[in-house]
Amino acid sequence: MSVSSAASDQTVCTPLPVLGRDVTVPLVTGGEVTYAALDYAASAPALQRVWDDVAAYAPYYGSVHRGAGYLSQLSTDLFENARNTVADFLGCRPTDQVVFTRSTTDSLNLLARAIPADCQVFVFETEHHASLLPWQDARVTYLNAPRTPQQAVQTLERALADRDPYGPALVCVTGASNVTGELWPVRELAAAAHAHGARIVLDAAQLAPHHPVSVTDLDVDWIAFSGHKLYAPFGSGVLAGRADWLQAAEPYLAGGGASRKVTRREDGGVAVEWHETAARHEAGSPNVIGAYAIASACKALTEAGWDSLVAREQHLVRAVREGLAEVPEVRILSLFGDDAPRVGVLSFVVEGWNSSHFAAALSAEYGIGVRDGLFCAHPLVRTLLGSDPQSQGECGAPEAAPGEKSLNAIRVSFGAGTPDEHVERFVDAVKELVRDGAKWQYRTEEGRCVPAV
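Residues numbered from 1 in each chain as written. Predicted model: local features only at pLDDT ≥ 70, side-chain atom pairs only at ≥ 80, totals over all residues. Heavy atoms only, no water.

When helices and strands are tallied, the chain shows 14 helices and 19 strands. Compactness check: the chain gives a C-alpha radius of gyration of 23 Å against a globular reference of 22 Å for 453 residues, within 12% of the reference. Seen through its principal axes, the chain has C-alpha atoms that stretch 80 × 55 × 45 Å. By residue count, 55% of the 453 residues in the chain fall in the buried class. In the chain, 70% of the contacts between residues at least 6 apart in sequence involve partners at least 24 apart. The centroid of the 36 positive side-chain charges in the chain is displaced by 4 Å from the centroid of its 54 negative side-chain charges. (Helix = DSSP H or I, 4+ residues; strand = E, 2+ residues; numbered from the N terminus. Rg over C-alpha atoms; globule rule 2.2 N^0.38 Å. Buried < 20%, exposed > 50% of the residue type's maximum accessible area, 1.4 Å probe, protein only. Contact = heavy atoms within 4.5 Å. Lys, Arg positive; Asp, Glu negative; His and termini not counted. Charge placed at Lys NZ, Arg CZ, Asp CG, Glu CD.)

Printed below as a string of structure tokens:
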């Protein structure tokens, strides 16, 4: 079934223009084809609108906050207006702070540095490593993978009720899985956390590019996300939410910009008075272009209209799921069940295929870019594959030759810039590979499956 024939809702929009939409790549079998970028969950292509905005600003580039010149003043206004745009995009409360970081990983590590010394952290084993690993210096309770949204809430409630001693607590949870794309019951988890005196941070890296996300509506304490998944260039991220823990913590980085006043002490040392604004955790010259790019992406998505963006993506999701369902050898991975709502992210395995081999063939023979591996969510993928939690594996492909069983999966992901044709090509390519096999020979090189020369 084609995507176009599935689309009957008049609210469905056309794909948003993105960079690279006309790039062609060579095929090992000869010739070239337009590249089908279906790895949005790793990094989405930048919106053309964002790139144009950045290019228009580039000649006016200037250092922010402390420059008296026109370009510095212009850049400062642009930087702070970007902060306001992001706050509006996230539905922040008046007292919330928006801190610009390098990525979701950076944002959550910043928060990990800011939590009280006696704070207990609760995190499901299903999280991306960006959410799973930053809490090494805290008392961490890792929760087993739930099999329904209701079980997730119940598991969290029991864990919070049983904590001892009763003190500050933080729950970290994803909004949408980077492996299965499934939506998590964020509002219900937030209610459970607050009922037990805990706070909650939402990893919105996979949710924000696909759905409206609001601090207020979801009643979360913080939201973290990355620009490079939100159709902006690499190198920028956001942590937005409550200010008190951030204001009480030592700066994430010590240096200029974070300090409000520095004086010499009588003992010969220096005394520092740190900012209490977001600048407290933004030491050094900030990534002004990155912040501006995120703000541009926020505006572009909002102006495109979330209802039509979500409707179109769901047509793509249905087209992929229905297409793969016609291939008995394909098993789509799911935590909450086949009917669980999800964003444009699906992972699967193919019977009789090494996942790295299959992904390599999609790229080399069809010009389709997907991802294979454990997706920096090792415990979750191993749970979904039914493998030993202690099994060895890497984010990329393990050392397994083409045709051998592997402890990884294949992920296809898409979004606001994905043309119908890319999804249709992907489904057709999967069917052809399973039916006819690869046309080329492949070998394992440094843990990756590559075409043999």
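This next bit is on the pairing of strand β19 (residues 448–451). With 4 bridges joining them, strand β18 (residues 442–445) and β19 adopt antiparallel strand pairing. Looking at β19, one finds that Thr444 is bridged to Cys449. Joining the antiparallel neighbours β18 and β19 is a turn of 2 residues, in which Glu446 adopts a positive phi near 50°. (Pairing = 2+ DSSP bridges.)

Below, the discussion takes up the packing of helix α3 (residues 70–89) against helix α10 (residues 288–304). Helices that pack against each other are described as a pair by the angle of their axes relative to one another and the distance between those axes. Axis separation between α3 and α10 bottoms out at 8 Å; the angle between their running directions is 40°. Overall, the two elements α3 and α10 adopt an arrangement that is oblique. Helix-helix and strand crossings are classified by hand; for α3 and α10 the assignment is left-handed. In contact with Ser75, Leu78, Phe79, Ala82, Thr85, Val86 and Phe89 of α3, α10 contributes Val288, Ala291, Tyr292, Ile294, Ala295, Cys298, Lys299, Leu301 and Thr302. When the residues that make up the contact of α3 with α10 are grouped by side-chain class, the tally is 12 nonpolar, 3 polar and 1 charged. (Axes fitted to C-alpha atoms, helices over the stretch in contact; angles between N-to-C directions. Parallel < 35°, antiparallel > 145°, perpendicular 65-115°, else oblique. Left-handed = near helix turned anticlockwise from the far one by under 90°. Nonpolar A, V, L, I, M, F, W, Y, C, P; charged D, E, K, R; others polar.)

Further remarks concern α3. Between its first and last C-alpha, α3 extends 28 Å over 20 residues, near the 28 Å set by a 1.5 Å rise per residue. Those residues of α3 lying buried are Ser72, Ser75, Thr76, Leu78, Phe79, Ala82, Arg83, Thr85, Val86, Ala87 and Phe89. Contacts made by the buried residues of α3 are with α2 (48–57), β4 (97–101), β9 (222–226), β10 (237–241), α10 and α11 (306–325). Immediately beyond the C-terminal end of α3, within one or two residues, lies Gly91, with a positive phi of roughly 60°. (Expected span 1.5 Å × (residues − 1).)

What the rule picks out here adds up to 10 aromatic pairs. With a centroid separation of 6.4 Å and an interplanar angle of 90°, the aromatic rings of Phe348 and Phe358 are classed as edge-to-face. One end of the pair, Phe348, is in strand β14 (residues 345–350); the other, Phe358, is in helix α12 (residues 355–366), and 10 residues separate them in sequence. Accessibility expressed as a relative area gives 0% for Phe348, which makes it buried. Clustering of aromatic rings is evident, with ring pairs tying together Phe348, Trp353, Phe358 and Phe426. (Phe/Tyr/Trp six-rings, centres within 6.5 Å; stacked < 30°, edge-to-face > 60°.)

This paragraph deals with the sheet that holds strand β5 (residues 120–124). Across the sheet, 7 strands lie side by side as β4-β10-β9-β8-β7-β5-β6; this open sheet has mixed pairing. Only two strands of the sheet have a single neighbouring strand rather than two, namely β4 and β6 (139–143). Neighbour to neighbour, the strand axes of the sheet diverge by 20° on average, direction disregarded. Alignment of strand β7 (residues 169–174) against strand β8 (residues 199–203), held across 5 bridges, turns out to be parallel. Pairing of Thr174 across the sheet is with Asp203, part of β8. Against the sheet, α3 engages β4, β9 and β10, with an angle of about 115° to β4. Sheet strands touched by helix α6 (residues 149–161): β5, β6 and β7. Its angle to β5, the strand with the most contacts, is close to 160°.

In this section: the nonpolar core. Grouped together as the largest cluster of nonpolar side chains are 85 residues, with contacts concentrated most on Leu90 and Phe225. At 9 residues, the largest contribution of residues to this core is made by α10. With near-sequence residues (within four places) excluded, Phe225 lies in contact with Val86, Leu90, Ser103, Thr104, Ser107, Ala204, Ala205, Ala208, Leu230, Gly237, Val238 and Ile294. Of all hydrophobic cores here, the second largest spans 34 residues; its members include Val327, Tyr366, Ile410 and Phe414. (Core = buried A, V, L, I, M, F, W, Y, C linked by side-chain atoms within 4.5 Å.)

This part covers the sheet that holds strand β16 (residues 371–373). Note on sheets: strands pair through backbone hydrogen bonds, and any given pair is parallel or antiparallel. The 4 strands are arranged β13-β14-β17-β16 in an open sheet whose pairing can be described as antiparallel. Because the sheet does not close on itself, it has two edges, and the strands there are β13 (330–332) and β16. Adjacent strand axes in the sheet meet at a mean angle of 30°, parallel and antiparallel pairs treated alike. Pairing of β13 with β14, which is carried by 3 bridges, proceeds in the antiparallel orientation. Residue pairing in the sheet places Arg331 in a bridge with Val349 of β14.

As a further point, take the environment of Ala41. Note on placement: Ala41 falls in the loop between β3 (36–37) and α2. Taking relative accessible area as the criterion, Ala41 reaches 3% and is therefore assigned buried. In this structure, the C-alpha to C-alpha distance between Ala41 and Val412, residues 371 residues apart in sequence, is 8.2 Å. Those residues in contact with Ala41, other than ones at most four positions away along the chain, are Gln206, Lys229, Val345, Arg411 and Ser413.

Let's shift gears to the pattern of salt bridges. On inspection of all chains with the given rule, the structure shows 20 salt bridges. Put simply, Asp53 and Arg49 hold a salt bridge, and the shortest N to O gap is 3.2 Å. Here Asp53 pairs with Arg49, and both are found in helix α2, just 4 residues apart, close to one helical turn. Taking relative accessible area as the criterion, Asp53 reaches 21% and is therefore assigned partly exposed. Residue Arg49 is classed as partly exposed on the basis of its relative accessible area, which comes to 31%. Taking the shortest distance from any N to any O, the salt bridge between Asp436 and Arg435 comes out at 3.0 Å. (Salt bridge = Lys/Arg side-chain N within 4 Å of Asp/Glu carboxyl O.)

Applying the stated criterion to the full structure yields 0 disulfides. Cys298 takes part in no disulfide bond, and the closest cysteine sulfur to it belongs to Cys92, at a distance of 10 Å. (Disulfide = S-S within 2.5 Å.)

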